[in-house]
Amino acid sequence: MIVLLYRIPKFRICNVNEAAPPVLIPEADIARRIDELAKQISADYQDKGDLVLIGVLKGAFIFLADLSRRLTIPRTIEFIAVSSYEKSDVPSGAVRLVMDVRGNIEGRHVLIVEDIVDTGRTLEYLIGMLESHGPASIRTCALLHKPESATVDVDIDYVGFGIGGEWVVGYGLDYAEHNRTLPYIGKIKPAD
Ligand code: PRP
């Protein structure tokens, strides 16, 4: 007998041995909000020419893929990788560049795409670092924002959802590399 594993709910989760965390933001709400963000960004950059989207690895890879495909303006894709947290519950505060963008962003409009802004330190670091490449402009976009966790003042031009202090996974976000490919935002731990 052939069993279609993907038809069994539990097997929709990539890591099949993990229990599915409770839903904080359903898949359909994420899709709807990304549609709205894409419309707004497309309108804002309508007359500005090519937009360079810079996805922050690893967490932003799914958000960037979905957002970029919904834009109706010319765009190119870059990635950057930083390491901001030690592998523990406590943010170290240190941000380290692991991989720079490949393309030249001098004179071009840049949109940094993040999965989540927590303390804001990563985004603050990235804005300062990318400014040194001489872009025409830099704006920021984050699917999730934890305003109560901010330790630095950083502007986010496009925000998907504001959330509380809870720990979240899915749609690119992980906890110790687990649950990144969950199709929704799940809650794994309440706010401290
Ligand atoms: C997460 C997230 C952001 C950063 C935000 O990355 O993707 O880049 O933390 O935190 P902050 O606002 O407190 O600086 P993480 O270091 O977990 O790496 P990952 O994206 O590779 O999972």
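Calculation notes
Residues numbered from 1 in each chain as written. Predicted model: local features only at pLDDT ≥ 70, side-chain atom pairs only at ≥ 80, totals over all residues. Heavy atoms only, no water. Helix = DSSP H or I, 4+ residues; strand = E, 2+ residues; numbered from the N terminus. Buried < 20%, exposed > 50% of the residue type's maximum accessible area, 1.4 Å probe, protein only. Contact = heavy atoms within 4.5 Å. Areas by Shrake-Rupley, 256 points an atom, 1.4 Å probe, with all protein chains shown as cover. Pairing = 2+ DSSP bridges. Axes fitted to C-alpha atoms, helices over the stretch in contact; angles between N-to-C directions. Right-handed = clockwise from strand over helix to strand, strands pointing away. pLDDT = per-residue confidence, 0-100. Core = buried A, V, L, I, M, F, W, Y, C linked by side-chain atoms within 4.5 Å.

## Quick notes on the overall build of the protein
Helix and strand counts for the protein stand at three helices and nine strands. Here the protein holds 192 residues, and 42% of them are scored as buried. Look at the contacts in the protein between residues 6 or more apart in sequence, and 66% of them connect residues 24 or more apart. A total accessible area of about 10200 Å² is found for the protein, and carbon and sulfur atoms account for 53% of it.

## Focus: helix α3 (residues 121–131)
Listed as buried for α3 are Thr 122, Leu 123, Leu 126, Ile 127, Met 129 and Leu 130. Contacts made by the buried residues of α3 are with β2 (51–57), β3 (75–83), β4 (96–99), β5 (109–117) and β6 (137–145).

## Details of the sheet that holds strand β1 (residues 23–25)
The three strands are arranged β1-β9-β8 in an open sheet whose pairing can be described as antiparallel. Edge positions in the open sheet fall to β1 and β8 (167–169), since each of these has one partner strand only. Across the sheet, the mean angle from the axis of one strand to that of its neighbour is 50 degrees, orientation sign disregarded. Two elements, β8 and strand β9 (residues 185–189), share three bridges in a ladder whose sense is antiparallel. Following the sheet pairing, Trp 167 is matched in β9 by Lys 189.

## Some words on the sheet that holds β6
Strand order in the open sheet made by the six strands is β4-β3-β2-β5-β6-β7, with mixed pairing throughout. Only two strands of the sheet have a single neighbouring strand rather than two, namely β4 and β7 (158–162). Adjacent strand axes in the sheet meet at a mean angle of 30 degrees, parallel and antiparallel pairs treated alike. By the bridge criterion, five bridges tie β2 to β5 in an arrangement that is parallel. In the sheet register, Leu 53 faces β5, and the bridge partner there is Leu 111. Where helix α2 (residues 61–70) meets the sheet, it contacts β2, β3, β5 and β6, and its direction lies at approximately 165 degrees from that of β3. Across the face of the sheet, α3 comes into contact with β2, β3, β4, β5 and β6 while running at roughly 165 degrees to β5.

## Remarks on the pairing of β3
Bridge analysis of β2 against β3 gives seven bridges, and the strand direction is parallel. Directly across from Leu 51, in β3, lies its bridge partner Arg 75. Of the crossover connections in this fold, the one passing from β2 over α2 to the parallel β3 is right-handed. Two elements, β3 and β4, share three bridges in a ladder whose sense is antiparallel. The residue of β4 that forms the bridge with Ala 81 is Met 99.

## As for the confidence of the model for the protein
Summarising the model, the protein shows a mean pLDDT of 89, and 84% of its residues fall at 70 or more. Counting contacts from residues 1–16, a segment whose pLDDT is below 50, to residues more than four positions away or on other chains yields 14 contacts.

## Overview of the nonpolar core
Ile 41, Phe 63, Leu 67, Leu 143, Leu 144 and Ile 185 are the most contacted members of the largest nonpolar core, which totals 28 residues. Elements with a minimum of two residues in this core: α1 (27–44), β2, α2, β5, β6 and β7. In terms of residue count, the dominant contributor to this core is α1 (five residues). Apart from the residues lying within four places of it in its own chain, the contact partners of Ile 41 are Leu 51, Leu 67, Leu 71, Ile 73, Leu 111, Cys 141 and Tyr 158. Core analysis: the second largest hydrophobic core is formed by 18 residues, Val 52, Val 82, Ile 112 and Val 117 among them.

## A few points about unusual backbone geometry
Of the consecutive residues Leu 57 and Lys 58, the connecting peptide bond is found in the cis state with omega at 0 degrees. Tracing the sequence through the fold places Lys 58 in the loop between β2 and α2. Its identity is not glycine, yet Tyr 171 carries a phi of approximately 50 degrees, on the positive side. The residue Tyr 171 is located in the loop between β8 and β9 in this model. In this model, Glu 177 sits at a positive phi of 70 degrees, which is unusual for a non-glycine residue. Within the secondary structure, Glu 177 is located in the loop between β8 and β9.

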